Amino acid sequence: AAAAAVFALGVLFQHLNTRPEEGLMQRIIVPMGQRVNLQLADGTDVWLNSGSEFTYSTTFSKSDRRVTLDGEGYFKVAKDARHPFRIETACAAVEVLGTEFDLAASCSTGDFRTSLVEGSVRIEAGDVWTVLKPNESATLHDGTFVISEITDGDEFLWRDGILSFGETPFVELMKRFEQFYGVKIRVDNRRMAGYSAMGKFRQADGVEHALRVLASDAGFDYVFDDKNQLIIIK
């Protein structure tokens, strides 16, 4: 069975019905503001980001190693040339033998991105496919994979509870705060539409610390609406 290290309370584990030869299927649902690290039966290490849903077998089949993901996961896949490791998402699939990469795929938005750290991965969407090389990232646009170079490896530090971001518009950054800290934020200050920032914040320091740092630079105020469990940017 897989071993899991849960970094916060509230992660939901579900057992699913399956065929006997596939072993017991397990689903993990990670709430906002939390993350999970687990090791699968084959020795593959998986980190799951906030808001992710991951389904896997406790034993895998004799032919392949197949899992599904909706959200973001970082994978260190154990090498097994006879049994490919395949991750299926709503948009595309990733198949590897043994490698290290980050995968973000959203069923609700249709976004898909694979970033390869080492080894190689094959990604496919319908009849379209490509193979990534180390330090390459692929996104899916209108049924075509667009390849680019990874420019900031720090973006994968979410595994260690660190939010690292390049120049990011304020409203988009607040959406990332919602996921990272597990809070709700409403931006009422229209002036913030023209503000962007870059930097790093630790999850352990809390959302109020991050807001104080940004407020000192951008000059906004914020209040906590305890009744509605909401942070309002004024």
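Throughout, a residue's number is its position along its own chain's written sequence, starting from 1. pLDDT decides what is reported in this predicted model: residues at 70 or higher carry local features, side-chain atom pairs at 80 or more are listed and counted, and totals for whole chains, interfaces and linings draw on all residues regardless. Side-chain metrics in this entry use all non-hydrogen atoms of the structure; hydrogen atoms and water are not considered.

1. Brief notes about the overall build of the protein chain
Part 1 of the argument: Assigned secondary structure in the protein chain consists of 2 helices and 20 strands.
Part 2 of the argument: In summary, the protein chain has a C-alpha radius of gyration of 19 Å against a globular reference of 17 Å for 234 residues, a match within 12%.
Part 3 of the argument: Summarising its shape, the C-alpha atoms of the protein chain cover approximately 60 × 35 × 25 Å along the three principal directions.
Part 4 of the argument: The buried share of the protein chain, reckoned over its 234 residues, is 43%.
Part 5 of the argument: In what follows, a contact means two residues having at least one pair of non-hydrogen atoms within 4.5 Å. When contacts within the protein chain are restricted to residue pairs at least 6 apart in sequence, those whose partners lie at least 24 apart make up 44%.
Part 6 of the argument: Per-residue accessibility takes into account occlusion by the displayed protein chains alone, with areas from the Shrake-Rupley method and a 1.4 Å probe. When the accessible surface of the protein chain is totalled, it reaches about 12200 Å², and 48% of it is carbon and sulfur.
Part 7 of the argument: Positive: Lys, Arg. Negative: Asp, Glu. His and the chain ends are not part of the count. Every charge is mapped to an atom, namely NZ of Lys, CZ of Arg, CG of Asp or CD of Glu. Positive and negative side-chain charges in the protein chain, numbering 25 and 34 respectively, have mean positions lying 2 Å apart. A helix here means a DSSP run of H or I that spans at least four residues, while a strand means a run of E at least two residues long, and both kinds are numbered starting from the N terminus. Two things to know: the radius of gyration comes from C-alpha atoms, and the globule rule equals 2.2 Å times the number of residues to the power 0.38. Residue exposure (1.4 Å probe, protein chains only): buried if accessible area is under 20% of the type maximum, exposed if over 50%, otherwise partly exposed.

2. With respect to the side chain of N37
Part 1 of the argument: Note on placement: N37 falls in strand β4 (residues 36-39).
Part 2 of the argument: Separated by 3.0 Å, the side chain of N37 and the backbone oxygen of V46 make a polar contact. The definition of a polar contact used here is a pair of N or O atoms within 3.5 Å, where within protein one atom must be able to donate a hydrogen and the other to accept one, and adjacent residues in sequence count solely through side-chain atom pairs.

3. Thoughts on the pairing of strand β9 (residues 93-96)
Part 1 of the argument: The pairing criterion is simple: DSSP has to find at least two bridges between the two strands. With 4 bridges joining them, strand β8 (residues 85-88) and β9 adopt antiparallel strand pairing. Bridging across to β9, R86 finds its partner in E95.
Part 2 of the argument: In this structure, β9 lies alongside strand β12 (residues 121-125), joined through 3 bridges in antiparallel fashion. Among the inter-strand pairings, E95 is bridged to a residue of β12, identified as R122.

4. A closer look at the confidence of the model for the protein chain
Where the model shows low pLDDT, its predicted coordinates should not be examined in detail.
Part 1 of the argument: Predictor confidence is given residue by residue as pLDDT, running from a minimum of 0 to a maximum of 100. Scored by pLDDT, the protein chain comes out at a mean of 89, with 90% of its residues at no less than 70.
Part 2 of the argument: Per-element averaging of pLDDT across the protein chain places strand β1 (residues 3-6) at the bottom with 50 and strand β17 (residues 185-187) at the top with 97.

5. Observations concerning the pattern of salt bridges
Part 1 of the argument: The term salt bridge refers to a pairing of a side-chain nitrogen on Lys or Arg with a carboxyl oxygen on Asp or Glu at a separation within 4 Å. Using the criterion set out here, one finds 12 salt bridges in the structure.
Part 2 of the argument: Across the pair E88 and R66 runs a salt bridge, and its minimum N-O distance is 2.5 Å. Remark: R66 occurs in strand β7 (residues 65-76) and E88 occurs in strand β8; sequence separation between them is 22 residues.
Part 3 of the argument: Using a relative accessible area of 27% as the deciding quantity, one classes E88 as partly exposed.
Part 4 of the argument: Residues R186 and D188 are paired through a salt bridge, measuring 3.0 Å at the closest nitrogen-oxygen approach.
Part 5 of the argument: What makes D188 partly exposed here is its relative accessible area of 42%.
Part 6 of the argument: Each member of the salt-bridge network shares a partner with another, and the members are R66, R86, E88, E95, R122 and E124.

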